[in-house]
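The residues making up each chain are set out below.
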Amino acid sequence: MLEIKNLQKVYGIPGVSAKPALNGVDLSVGQGELVGLFGENGAGKTTLLKCVLGLLGYTGTITLDGEPVTRANIARLSFATCEHSFFPHLTPAGHRDFYREHFPRWREKRFQALMDFFRLPMGKAPRSFSTGQKNQFEVILALSQGADYILMDEPFAGNDVFNREDFYKVLLGILEPTETVVLSTHLLEEVEHFVGRAVLLRGGAVVGDTSVLDLEERGMDLMAFVKSAYGYEPDRVSRALDRLTEEGEEDAP
Amino acid sequence: MKKRTTRWDRLVPPGMNGRREAGQLAAGLAVGLVWNAAAFLIPFLQEYERLMWVRAAFEPFDRHLRRALIPFALLAGWMVALALVHLLSHYQESRSIYLMRRLPDRWELWRRCLTLPLTGLAIVLILTLGLSVLYFWLYETYALIDTNSQGRWYWTLHRMFYE
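Residues numbered from 1 in each chain as written. Chains lettered and ligands numbered in written order. Predicted model: local features only at pLDDT ≥ 70, side-chain atom pairs only at ≥ 80, totals over all residues. Heavy atoms only, no water.

A. Summary view of the interface of chain A and chain B. Counting residues at the interface gives 27 residues for chain A and 22 residues for chain B. For the pairing of chain A and chain B, the buried interface totals around 2,300 Å² over both sides, and the portion due to carbon and sulfur atoms is 56%. Three residues stand out in chain A for area buried against chain B, namely Leu55(A), Arg71(A) and Phe87(A), and they jointly supply 29% of the buried area on that side. Residues Arg10(B) and Glu101(A) are paired through a salt bridge, measuring 3.1 Å at the closest nitrogen-oxygen approach. In this structure, the connection of chain A to chain B is made through 13 residue pairs in polar contact (both at pLDDT 80 or more). Listing elements by their share of the side of chain A that touches chain B, those giving two or more residues are β6 (77-81) and α2 (92-102) of chain A. For the side of chain A that touches chain B, the element with the highest residue contribution is α2(A), accounting for 5 residues. The residue inventory of the side of chain A that touches chain B, partitioned by class, reads 14 nonpolar, 8 polar and 5 charged. (Contact = heavy atoms within 4.5 Å. Buried area = accessible area lost by both parts, 1.4 Å probe. Salt bridge = Lys/Arg side-chain N within 4 Å of Asp/Glu carboxyl O. Polar contact = N/O pair within 3.5 Å; in protein donor to acceptor, adjacent residues only side chain to side chain. Helix = DSSP H or I, 4+ residues; strand = E, 2+ residues; numbered from the N terminus. Nonpolar A, V, L, I, M, F, W, Y, C, P; charged D, E, K, R; others polar.)

B. Local environment of the packing of helix α3 (residues 108-117) of chain A against helix α5 (residues 161-174) of chain A. Residue and element names in this part refer to chain A. At a minimum axis distance of 12 Å, the contact between α3 and α5 shows a crossing angle of 155°. Taken as axis vectors, α3 and α5 run roughly antiparallel relative to one another. The chirality of how α3 crosses α5 is right-handed. Across the interface between the two elements, Arg-110, Leu-114 and Phe-117 from α3 touch Asp-166, Val-170 and Ile-174 from α5. Of the residues assigned to the contact of α3 with α5, the class counts are 4 nonpolar, no polar and 2 charged. (Axes fitted to C-alpha atoms, helices over the stretch in contact; angles between N-to-C directions. Parallel < 35°, antiparallel > 145°, perpendicular 65-115°, else oblique. Left-handed = near helix turned anticlockwise from the far one by under 90°.)

C. Expanded view of the sheet that holds strand β4 (residues 59-64) of chain A. Residues and elements named next belong to chain A. As summarised here, the arrangement of the 4 strands in space is β2-β1-β4-β5, forming an open sheet in which the pairing is antiparallel. Strand pairing shows two members of the sheet lacking a second neighbour, β2 (19-29) and β5 (67-68), which therefore form its edges. As paired strands, strand β1 (residues 2-11) and β4 are joined by 5 bridges and run antiparallel to one another. Across the sheet, Gln-8 pairs through a bridge with Thr-59, a residue of β4. (Pairing = 2+ DSSP bridges.)

D. Focus on the side chain of Thr63(A). Residues and elements named next belong to chain A. Relative to the elements of secondary structure, Thr-63 occurs in strand β4. The class for Thr-63 is buried, based on a relative accessible area of 18%. Not counting the four nearest positions on each side in its chain, Thr-63 is found in contact with Met-1, Leu-2, Glu-3 and Pro-68. (Buried < 20%, exposed > 50% of the residue type's maximum accessible area, 1.4 Å probe, protein only.)

E. Here's a closer look at the environment of Ile70(B). Residues and elements named next belong to chain B. By the element assignment, Ile-70 lies in helix α2 (residues 61-88). Judged by its relative accessible area of 43%, Ile-70 falls in the partly exposed class. Remark: the alpha-carbon pair of Ile-70 and Trp-35, spanning 35 residues in sequence, is separated by 8.8 Å.

F. Region of interest: the confidence of the model for chain B. Mean pLDDT over chain B: 91, with 97% of residues reaching 70 or higher. Taken element by element, the predicted model of chain B shows its lowest mean pLDDT in helix α5 (residues 152-162) of chain B (84) and its highest in helix α3 (residues 96-101) of chain B (97). (pLDDT = per-residue confidence, 0-100.)

G. Representation of empty space enclosed by the protein in the model. Residues and elements named next belong to chain A. All told, the structure shown has 1 cavity of 30 Å³ or more when counted by the stated rule. Empty space within the largest cavity amounts to approximately 50 Å³. Lining the largest cavity are Leu-2, Ile-4, Leu-27, Val-29, Leu-48, Leu-49, Val-52, Leu-151 and Val-182. Contributing elements (two or more residues each) for the lining of the largest cavity: β1, β2 and α1 (45-52). (1 Å grid on protein atoms, 1.4 Å probe; cavity = no way out; pocket = protein on both sides within 12 Å on 5 of 7 lines; lining within 4 Å. Points joined across faces, edges and corners; volume = space filled by probe spheres on them.)

H. A look at the sheet that holds strand β9 (residues 197-202) of chain A. All names here are of chain A. Within the open sheet, the 6 strands sit side by side as β6-β7-β8-β3-β9-β10. Their pairing is mixed. Two strands in the sheet have a free side with no partner beyond their single neighbour: β6 and β10 (205-211). Strand-to-strand twist across the sheet, computed as the mean angle between neighbouring axes with direction ignored, equals 15°. Sheet analysis places strand β3 (residues 34-38) next to strand β8 (residues 180-184), joined by 4 bridges and oriented parallel. When the sheet's bridge partners are listed, Val-35 is paired in β8 with Val-182. Sheet strands in contact with α1 are β3, β6, β7 (149-153), β8 and β9, and its direction is about 145° off that of β7.

I. Representation of the nonpolar core. Judged by nonpolar contacts, the single largest core of 78 residues is most densely connected at Leu48(A), Leu143(A) and Met152(A). The biggest single contributor to this core is helix α4 (residues 131-144) of chain A, with 6 residues. With 26 residues, the next largest nonpolar core counts Leu25(B), Ala39(B), Leu138(B) and Leu157(B) among its residues. (Core = buried A, V, L, I, M, F, W, Y, C linked by side-chain atoms within 4.5 Å.)

J. Representation of the packing of aromatic side chains in the model. All names here are of chain B. Per the stated rule, a full pass over the model turns up 28 aromatic pairs over all chains. Considering the side-chain rings of Phe-136 and Tyr-154, the 5.5 Å spacing of their centres and the 55° angle between planes classify their relative orientation as tilted. Residue Phe-136 is found in helix α4 (residues 108-142), and its partner Tyr-154 is found in helix α5; the two are separated by 18 residues along the sequence. The exposure class of Tyr-154 is buried, given its relative accessible area of 2%. Joined through ring pairs, the aromatic side chains of Phe-40, Phe-44, Phe-58, Phe-61, Tyr-135, Phe-136, Tyr-139, Tyr-154, Trp-155, Phe-161 and Tyr-162 make up one cluster. (Phe/Tyr/Trp six-rings, centres within 6.5 Å; stacked < 30°, edge-to-face > 60°.)

Here it is in structure tokens:
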């Protein structure tokens, strides 16, 4: 169980240019869950994932099966990010050797299968890959590390729709029941059938947390849930257009 | 063609060519050593030929040594720059720093960024000290010394050996 309690993160210098990014986030993610992390830009999704991985300082507690996240258990977490965390000049074969050396639960078979499936060359440095291929490679590494909790931050930004769909299918096909995925994305409709739970962030706080099954029972889709949690006004656009049209008429000679 | 990974590659950020960097470092040290020796010995021998006949005092030791230490100062600067290049490479074209910082082995990042630069710096330091002592001995043995014109380096080494 990944447990986050009262997580707070402030960017900048406190008292001078402090900008709160996370305001007391509480979240528990059990093993085997597929969690979608949603929210507008700046909601705190990336910050939350980076805090979990220890890449950013924070206040609050983050534990993995009751233990704080340290070097001793960090290998249980993997990370795929749209910023990419691979070595651009190292071939996939070199990455395989590097990961194998550092992550004892490296999944060789899965890595090879995914590399073959996406037809990525083993002997070519990823810097020469297309954006889509880079994203694929990033996710392949995160899935092959042998982690229990796979954190993904907008991993498919720049991939075409077919590519993304392939990936969701492959993911659902290969994940073991004990593997957990936390997927931060804007692609609500696409991941609706992939995730089992939706967590919604706004202004650095969790404003919605529901299972997709619950939503279905309530006759709601993910988009409707997000809109209601965000207090989205459906007539906002028409009202704005009406106002603009009125102004236009007043301006007319 | 597939590049073979060497044990040198384990001393630089993944994807960099460790053997080439080690070779460049060795070449730099060799050039520095030759430059250093030439910068001290050539003027010293010229002075020896010129001044020994007229029994005049040699140029102060510090001036001789400063000239000779220029290549080592440059090498030291190069090592600092190399360490920075290694570290910054984890922010270029991707953020591999995220991976390096979440490795179970906390020293991997520093081992790969600092081993070669620190080794280079240590060699430069040892050469600087060793050659300074050697040159001091040459100066003390063969030069005609005007103690009034000597500077800090001379007196430091002098104290080291005579006090």
